[in-house]
Amino acid sequence: MKKAKPTIDDVAALSGVGRTTVSRVLNNGPNVRPEVRMRVLEAVEKLQYKVNAQARFLAGGRSQLLALIHASDLDSEPNSYYYSGLELGALRACAPAGFQLLMHGVNQHSLDRVQKIIDFIASRRCDGVILTPPFSDDADLHQALLRQNIAHVAVSPGDGLRRQMAGVGMDDEVAGYEITRYLLGLGHRRFAFLQGLESHTSAESRYAGYRRALREAGLSPDAMPTARGNFTFRSGADQSVDLLKGPQRPTALICANDDMATGALFAAHRMGLSLPADLSVVGFDDTPVSEVVWPPLTTIHQPIRQIGARAVEKLIEVLNGVESQEFGFEVVPHRLIVRESATQI
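Predicted model, so just to flag it, every value in this text is computed and none were measured. (Residues numbered from 1 in each chain as written. Predicted model: local features only at pLDDT ≥ 70, side-chain atom pairs only at ≥ 80, totals over all residues. Heavy atoms only, no water.)

Participant: Would you take a moment to explain the pairing of strand β8 (residues 252–255) for this structure?
Facilitator: Remember that side chains alternate between the two faces of the sheet whenever the strand is regular. The side-chain alternation of β8 yields two buried faces, one formed by Ala252 and Ile254 and the other by Leu253 and Cys255. Across four bridges, the pairing between strand β6 (residues 191–195) and β8 is parallel. Directly across from alanine 192, in β8, lies its bridge partner leucine 253. Sheet topology note: the β8/strand β9 (residues 280–285) ladder contains three bridges and is parallel. Within the sheet, the bridge partner assigned to leucine 253 lies in β9 and is valine 281. Taken together, β8, helix α11 (residues 258–270) and β9 form a β-α-β motif whose crossover is right-handed. (Buried < 20%, exposed > 50% of the residue type's maximum accessible area, 1.4 Å probe, protein only. Helix = DSSP H or I, 4+ residues; strand = E, 2+ residues; numbered from the N terminus. Pairing = 2+ DSSP bridges. Right-handed = clockwise from strand over helix to strand, strands pointing away.)

Structure representation (structure tokens):
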């Protein structure tokens, strides 16, 4: 005779609690004492109890699906690692919590981008959504999600929205300040900065940190040349050429991300510059490409996978009522990674 599958009532009986408490534990709910949670989980393991995802959705209104929304400009190449790093971290956090992750790209220039995102969430019956730049800086989108009662958290929102919504990211202004201070310590006084898109507040914050460091050193940020790229290798290669021309060529070029810094290295090599003797180049993010180019990039390590994982954890906390979706920005630590692309002059 085939043994009957254990039920939630069996788990409740073995752990000595009510089925409501068991359900709360299985859904990562709040207001459960640690010793009670441990007792329920031990009973689940002993009985080899398996949660019926379809039954849980019908009973609790949960689909166990989370969406991660990213920018998708079909006219330009994608960032080589940023979104895949976020996805990897998010997936690792979803699995033990019993959630699945849907990645979805939306053109950030679309006039109906807000409605497209809301329609996607509704059509897939997602429990909540993680917004990445530039959507994490979109106040209209934030308000629309609030009106629809859609749980959401933001990755690297700007200063304004990080006071209004749950989110996670590093302190980009401080990171920009620190890498500039490092170059100043190497003796550099002629700088150029390759910025990212204006719509990316985190990249603008890196530039603000750079300007603060220059002012403290008695240098005029406005006297230093700048150009604007779109975070891609190609834009780094194209936009850095004009920055590196002329008799007063900068001795240090700071790029708003590693992809553009890699493109800048390529352009500098083609111009016949000796790196880093003629030019120091630095980036941000510490993506895998930063270690394999020549010379390897000095950069700011942004814990991208950790940010993706923490965004999922915070979103689940919002869904379970542990945290309000309107508050709670969390800063994750960054660090300076020193490699061979920057040297003393």
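Participant: Would you mind showing me how to read helix α13 (residues 304–319) here?
Facilitator: Since the α-helix packs 3.6 residues into each turn, any two residues three or four apart lie on the same face. An ideal rise of 1.5 Å per residue puts 22 Å on 16 residues; α13 measures up with 23 Å between its terminal C-alpha atoms. Those residues of α13 that fall on the buried side of the exposure criterion are Ile304, Ile307, Gly308, Ala309, Arg310, Ala311, Val312, Lys314, Leu315, Ile316 and Val318. Positive phi appears at glycine 321, one or two residues downstream of α13, with a value of about 80°. (Expected span 1.5 Å × (residues − 1).)

Participant: Explain unusual backbone geometry to me, please; I cannot follow it from the model alone.
Facilitator: Both trends apply: most residues other than glycine have a negative phi, and most peptide bonds are in trans. With omega at 5°, the peptide bond leading from leucine 275 into proline 276 counts as cis. Its location among the elements puts proline 276 in the loop between α11 and β9. Proline 295 follows tryptophan 294 through a cis peptide bond whose omega is -10°. Mapped onto the elements, proline 295 comes out in the loop between α12 (289–292) and β10 (298–301). The backbone phi angle of phenylalanine 231 is positive, close to 75°, even though this residue is not glycine. Topologically, phenylalanine 231 is positioned in the loop between β7 (226–228) and α10 (233–243). The backbone of aspartate 285 sits at a positive phi, close to 110°, despite the residue not being glycine. As for its placement among the helices and strands, aspartate 285 is situated in strand β9. Here aspartate 285 falls in the buried class, since its relative accessible area comes to 6%.

Participant: What is the right way to read the sheet that holds strand β5 (residues 167–169) from this model?
Facilitator: Whenever strands of a sheet pair, they do so through backbone hydrogen bonds, lying parallel or antiparallel. With parallel pairing, the six strands of this open sheet are ordered in space as β2-β1-β3-β4-β5-β11. Every interior strand has two partners, whereas the edge strands, β2 (100–106) and β11 (329–331), have only one. On average, each strand axis in the sheet is inclined to that of its neighbour by 20°, with strand direction left out of account. Looking at chain direction, β5 and β11 are connected through three bridges and run parallel. In the sheet register, glycine 169 faces β11, and the bridge partner there is valine 331. Helix-sheet contacts for helix α6 (residues 113–124) involve β1 (65–71), β2 and β3 (128–131), and the interaxial angle to β2 is about 155°. Here α13 sits on the sheet in contact with β1, β3, β4 (151–155), β5 and β11, set at roughly 155° to β4. (Axes fitted to C-alpha atoms, helices over the stretch in contact; angles between N-to-C directions. Contact = heavy atoms within 4.5 Å.)

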